[in-house]
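Residue strings, one per chain:
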Number of protein chains: 4
Amino acid sequence: MAFEFKAVRRVEFADTDMAGIMHYANFFRFMETAEHAFFRSLGYSIVTIQTDPQVGWPRVHASCDYNAPLRFEDEVEIHLLVQEKKTKALTYQFRFNKLNGPARLEVARGRLTVVCVTKDPHGKMGATHIPKDLADRINTAPPDMMA
Amino acid sequence: MAFEFKAVRRVEFADTDMAGIMHYANFFRFMETAEHAFFRSLGYSIVTIQTDPQVGWPRVHASCDYNAPLRFEDEVEIHLLVQEKKTKALTYQFRFNKLNGPARLEVARGRLTVVCVTKDPHGKMGATHIPKDLADRINTAPPDMMA
Amino acid sequence: MAFEFKAVRRVEFADTDMAGIMHYANFFRFMETAEHAFFRSLGYSIVTIQTDPQVGWPRVHASCDYNAPLRFEDEVEIHLLVQEKKTKALTYQFRFNKLNGPARLEVARGRLTVVCVTKDPHGKMGATHIPKDLADRINTAPPDMMA
Amino acid sequence: MAFEFKAVRRVEFADTDMAGIMHYANFFRFMETAEHAFFRSLGYSIVTIQTDPQVGWPRVHASCDYNAPLRFEDEVEIHLLVQEKKTKALTYQFRFNKLNGPARLEVARGRLTVVCVTKDPHGKMGATHIPKDLADRINTAPPDMMA
């Protein structure tokens, strides 16, 4: 059972914009990086043939609050926490902690809600229960960590 | 005085991901496209030397709720509405209306809060009043449009 | 029969990097924009079910020579020319002409070679003849235009 | 003195397109990743204040030949080799070696030519000699490695 994962990335030149900082949309790419690495840490790929039926994880909500910029070559820890676990959906919180510089600084905090879906024989997507094997490996973070 | 703007974009191949749909982070790029076109419609560039002092518009909040996917070559109208106007910040709502297909469909709805900032002589950013000339051209959308 | 197409794009904020100019990799996205619009001008989508068998167009070569930068809100014409047409491949040349500013300026010139492929029943890709209907609509640019 | 560097990246979901493979423009982002990590390995940042005058490295040529696709979660080694060193320019070769799968496979090979520039007091860029301290740390790869 796991409720968190920490991924580390370095901000690349192509992640920046002419304001000299990481473009705000790229925080959402970084969230996904941590989400998929979390799945690998559970022994799964987000694009899996390991479950029957095969499932996908479309996003229904994404948000981010920005406190401070990230700059080129900054190292950032993306701390994923499972905030909510429903039978057919997961909500993650992401804390962006800048690792370089005088003090560890939370520069941004994001949230993603993803739904577990499968396709019927006609290709139409519908929400489905998270496969049991996978669901058994995921739990929610303790409330005191989410304060 | 303007409180809305409509930009149209076509989903490009590079906007899609292996799920065959527009990657969720790209909705945030499309929001910005509409925001900057809105400024041009007011006679301003978002990267302006037209105001004294020069101002920038960092994001403090971004969010999006997804209802349906966008696919390659879909045409989407990004309808920007000014939801809130404060002395030093603006909040926009964005409605993504898919233009092709049997019926006009709102596939996603987003929100951005941006703060007007300027730099002091030491390069430090701080919130500042929206320049009067620009502020005079922007008003908030009527409440019944925001329902 | 067509051997050229002109697409126009405006450089967006997210296309720039901290050097204040369009990131060099984005020229390749812009080439593809023109390529796909060229196909639409022929009555085809690059992702087509209009041909039997269905074909795809993976890239085997891409290159770009850069003469001058593009900046935020620059308008650029991407002039596609069919440089070479083989039975199973096409080579395009792309000229990036900056439309704003004192004089029309060619800021970059690119090249793409794409191969027409189809999948066998086992999913394996292989080069195939460009479908006749489509091939009949494409010819190579006159040599004096390619000088 | 160094003439090569190996960086490793994992293909992310956002790097793929609807063809299910890494988008061809992203190979150019990966080249830059290796280039900048090479500079760090020399004790420099590509965005440096370590040299006097400060220099930048705009690209004048970029190219890539593609032999096989990269897919989501593939691990790829980007092997940078210094192909040519002039007084004011460097040319790198990049070999993309897929690390997972039955055998190490070179999926693509790229090339970048970058020019060392500085700005005059009016902000105009011009080519300049590679700063001596930095130039002394870079040599060209042995000819037999470049065959």
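Here we summarise the structure given alongside this text. Please read these numbers as outputs of a predicted model, since none were measured by experiment. (Residues numbered from 1 in each chain as written. Chains lettered and ligands numbered in written order. Predicted model: local features only at pLDDT ≥ 70, side-chain atom pairs only at ≥ 80, totals over all residues. Heavy atoms only, no water.)

Another point: the overall build of chain A. Each helix and strand in chain A was counted, giving two helices and seven strands. The N-to-C order of helical and strand elements in chain A reads β-α-β-β-β-β-β-β-α. For 147 residues, the compact-globule estimate of 2.2 N^0.38 gives 15 Å, and chain A sits close to it at 16 Å. The contacts in chain A between residues at least 6 apart in sequence include a share of 65% that link residues at least 24 apart. Accessible area of chain A: about 6500 Å², with a carbon and sulfur share of 51%. (Helix = DSSP H or I, 4+ residues; strand = E, 2+ residues; numbered from the N terminus. Rg over C-alpha atoms; globule rule 2.2 N^0.38 Å. Contact = heavy atoms within 4.5 Å. Areas by Shrake-Rupley, 256 points an atom, 1.4 Å probe, with all protein chains shown as cover.)

Turning our eyes to something else, we now look at the interface of chain C and chain B. The parts lose accessible area when they come together, and the size of an interface is often stated as this lost area. With 16 residues of chain C at the interface, the matching set in chain B holds 16 residues. Where chain C abuts chain B, roughly 1500 Å² becomes buried across the two surfaces, and 44% of that area is made up of carbon and sulfur atoms. Taken together, chain C and chain B are joined by six salt bridges. Between E12 of chain B and R9 of chain C there is a salt bridge, with the nearest N and O atoms lying 2.6 Å from each other. Across the contact surface, chain C and chain B share ten residue pairs in polar contact (both at pLDDT 80 or more). Of all the secondary-structure elements, those providing two or more residues to the side of chain C that touches chain B are β1 (4-10) and α1 (26-41) of chain C. It is α1 of chain C that contributes the most residues to the side of chain C that touches chain B, five residues altogether. (Buried area = accessible area lost by both parts, 1.4 Å probe. Salt bridge = Lys/Arg side-chain N within 4 Å of Asp/Glu carboxyl O. Polar contact = N/O pair within 3.5 Å; in protein donor to acceptor, adjacent residues only side chain to side chain.)

What follows is about the pairing of strand β3 (residues 75-85) of chain A. All names here are of chain A. With seven bridges joining them, strand β1 (residues 4-10) and β3 adopt antiparallel strand pairing. When the sheet's bridge partners are listed, F5 is paired in β3 with L80. With nine bridges connecting them, β3 and strand β4 (residues 89-98) associate as antiparallel partners. Note on β4: the bridge partner recorded for V76 is K98. (Pairing = 2+ DSSP bridges.)

This paragraph deals with the relation of the copies chain C and chain B. The two copies are related by a screw operation: chain C maps onto chain B through 180° of rotation and 0.0 Å of translation along the axis, at an RMSD of 0.0 Å. The superposition operator between the copies reduces to a two-fold rotation axis. Residue R9 of chain C of chain C places its C-alpha closer to the rotation axis than any other residue of that unit, at 5.5 Å. Most of the interface of chain C is mirrored in chain B: 100% of its interface residues are interface residues there too. (Least-squares fit on C-alpha atoms with pLDDT ≥ 70 in both.)

Most of strand β2 (residues 59-66) of chain D sits inside the fold, with six of its eight residues counted as buried. With five bridges joining them, strand β2 (residues 59-66) of chain C and β2 of chain D adopt antiparallel strand pairing. Within the sheet, the bridge partner assigned to C64 of chain C lies in β2 of chain D and is A62 of chain D. Bridging between β2 of chain D and strand β5 (residues 105-115) of chain D involves seven bridges; their strand directions are antiparallel. Bridge pairing links Y66 of chain D to A108 of chain D in β5 of chain D. (Buried < 20%, exposed > 50% of the residue type's maximum accessible area, 1.4 Å probe, protein only.)

This structure, assessed with the given rule, holds 36 salt bridges over all chains. In this structure, the salt-bridge partner of R59 of chain C is E32 of chain C, at a minimum N-O distance of 3.4 Å. Residue R59 of chain C is located in strand β2, and its partner E32 of chain C is located in helix α1; the two are separated by 27 residues in the primary sequence. Residue R59 of chain C shares its accessibility class with E32 of chain C, and that shared class is buried. Of the charged contacts in the structure, one is a salt bridge between E106 of chain D and R109 of chain D, with a shortest N-O distance of 2.8 Å. By relative accessible area, E106 of chain D is classed as partly exposed at 26%. Here the residues in one salt-bridge network are E32, E35 and R59 of chain A, joined through shared partners.

With that settled, consider the interface of chain D and chain C. Taken together, the contact between chain D and chain C spans 18 residues of the former and 18 residues of the latter. For the chain D and chain C pair, buried surface summed over both sides reaches about 1500 Å², with 60% attributable to carbon and sulfur atoms. Among the residues chain D hides against chain C, the three largest losses belong to Y24, F28 and Y66 of chain D. Together they make up 33% of the total. Counting across the interface, chain D meets chain C through zero salt bridges. For the interface between chain D and chain C, the tally reads ten residue pairs in polar contact (both at pLDDT 80 or more). Elements supplying a minimum of two residues to the side of chain D that touches chain C: α1 (26-41) and β2 of chain D. Ranked by residues supplied to the side of chain D that touches chain C, first place goes to β2 of chain D with eight residues. A per-class count over the side of chain D that touches chain C returns eleven nonpolar, three polar and four charged. (Nonpolar A, V, L, I, M, F, W, Y, C, P; charged D, E, K, R; others polar.)

We now examine the sheet that holds strand β4 (residues 89-98) of chain C. The strand order β1(C)-β3(C)-β4(C)-β5(C)-β2(C)-β2(D)-β5(D)-β4(D)-β3(D)-β1(D) describes an open sheet built from ten strands, whose pairing is antiparallel. Across the chains shown, the open sheet's two edge strands, defined by having one partner strand only, are β1 of chain C together with β1 (4-10) of chain D. Sheet twist, expressed as the average angle between the axes of neighbouring strands with direction ignored, equals 15°. Two strands pair when backbone bridges link them, and strand β4 (residues 89-98) of chain D and β5 of chain D are joined in this way by ten bridges, in the antiparallel orientation. Bridged to Y92 of chain D within β5 of chain D is L112 of chain D. (Axes fitted to C-alpha atoms, helices over the stretch in contact; angles between N-to-C directions.)

Let's shift gears to the relation of the copies chain D and chain C. In the superposition of chain D on chain C (RMSD 0.0 Å, axial shift 0.0 Å), the rotation amounts to 180°. Mapped onto chain C, 100% of the interface residues of chain D again fall at the interface, so both copies present the same surface.

Let's shift gears to helix α1 (residues 26-41) of chain B. Residue and element names in this part refer to chain B. Over its 16 residues, α1 extends 23 Å from the first C-alpha to the last, a length consistent with the 22 Å expected when each residue adds 1.5 Å. Counting buried positions over the 16 residues of α1 gives 14, a clear majority of the element. G43 sits one or two positions beyond α1 and adopts a positive phi of about 90°. (Expected span 1.5 Å × (residues − 1).)

This part takes up unusual backbone geometry. What is expected of a backbone is that most residues other than glycine have negative phi and most peptide bonds are trans. Residues and elements named next belong to chain A. Backbone geometry places E73, a non-glycine residue, at a positive phi of 75°. Looking at the secondary structure, you find E73 in the loop between β2 (59-66) and β3. On the basis of relative accessibility, which here comes to 14%, the residue E73 falls in the buried class.

A few words now on the sheet that holds strand β5 (residues 105-115) of chain A. Strand order across the open sheet formed by ten strands is β1(A)-β3(A)-β4(A)-β5(A)-β2(A)-β2(B)-β5(B)-β4(B)-β3(B)-β1(B), with antiparallel pairing between neighbours. Each having just a single partner strand, β1 of chain A together with β1 (4-10) of chain B make up the two edges of the open sheet. On average, each strand axis in the sheet is tilted by 15° relative to the strand beside it, whichever way the strands run. The strands that α1 of chain B touches are β2 of chain A together with β1, β2 (59-66), β3 (75-85), β4 (89-98) and β5 (105-115) of chain B; relative to β2 of chain B, the one it contacts most, it runs at about 120°.

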